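Overview (structure and organization)
Single-letter residue listing:
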Amino acid sequence: MRQAGTYSAILSGGVSGRTGPHSLPLARIKKIMKRSGDDVKMISGEAPIVFSKACELFIEELTQRAWMMTLQGKRRTLHKEDVAAAVMATDIFDFLVEMVSDSNGTQMAPATKSNISVAER
């Protein structure tokens, strides 16, 4: 019988469903990991669990920052422009800038850069 790994107990919290105790599908995460490079052939069972939790935290952080933009616009519905503004306003999301730019290469939403976490605001 397989013993639960170190990360299993820590990361087992989440929405139960077809993916088990994880809210993101582990098979999809593993497929993405394998596509990341020809050198990646074997992936432990715990690695996708860690990536799943990291993705959850990333989504939560970006959503909180986008929600702040929504509130600044005095709205109650989060729009893609709010996500774009959050990306533009935060240095740690610079790798997403090209994704939130429109087809002409201009930014969807102007914002000032900040590196302050949502919890600190």
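Residues numbered from 1 in each chain as written. Predicted model: local features only at pLDDT ≥ 70, side-chain atom pairs only at ≥ 80, totals over all residues. Heavy atoms only, no water.

**Here we look at the overall build of the protein**
Each helix and strand counted, the protein has four helices and zero strands in total. Mapped in sequence order, the helices and strands of the protein form the string α-α-α-α. Every one of the 121 residues in the protein was classed for burial, and the buried ones make up 27%. With an accessible surface of roughly 8600 Å², the protein has 58% of that area assigned to carbon and sulfur atoms. (Helix = DSSP H or I, 4+ residues; strand = E, 2+ residues; numbered from the N terminus. Buried < 20%, exposed > 50% of the residue type's maximum accessible area, 1.4 Å probe, protein only. Areas by Shrake-Rupley, 256 points an atom, 1.4 Å probe, with all protein chains shown as cover.)

**Considerations on the side chain of serine 101**
With respect to the helices and strands, the residue serine 101 is situated in the segment after helix H4 (80-89). Here valine 97 takes part through its backbone oxygen, which lies 2.9 Å from a polar atom of the side chain of serine 101. (Polar contact = N/O pair within 3.5 Å; in protein donor to acceptor, adjacent residues only side chain to side chain.)

**What to know about a nonpolar patch on the surface**
Among the surface-exposed residues, Phe58, Ile59 and Phe95 lie close enough to one another that they form a single nonpolar patch of about 310 Å² accessible area. Among the structural elements, isoleucine 59 can be located in helix H3 (residues 47-72). (Patch = residues over 30% accessible without salt bridge, like charges linked within 9 Å, V, L, I, M, F, W, Y side chains within 5 Å. Salt bridge = Lys/Arg side-chain N within 4 Å of Asp/Glu carboxyl O.)

**A short note on the nonpolar core**
Formed by 13 residues in total, the largest nonpolar core has its most connected members in Leu62, Met69, Ala86, Val87, Phe93, Leu96 and Val100. Among the elements of the structure, H3 and H4 are those that each provide at least two residues to this core. By residue number, the principal contributor to this core is H4, which donates six residues. Dropping the residues within four chain positions of it, leucine 96 is found in contact with Phe58, Leu62 and Val87. (Core = buried A, V, L, I, M, F, W, Y, C linked by side-chain atoms within 4.5 Å. Contact = heavy atoms within 4.5 Å.)

**A closer look at the environment of valine 97**
Structurally, valine 97 can be placed in the segment after H4. Separated by ten residues in the primary sequence, valine 97 and valine 87 have C-alpha atoms spaced 6.5 Å apart.

**Focus: H4**
Along an α-helix, residues three or four positions apart point the same way, because every turn accommodates 3.6 residues. Within H4, seven of the ten residues are buried, which leaves it mostly tucked inside the rest of the structure. Packed against the buried residues of H4 are H3.

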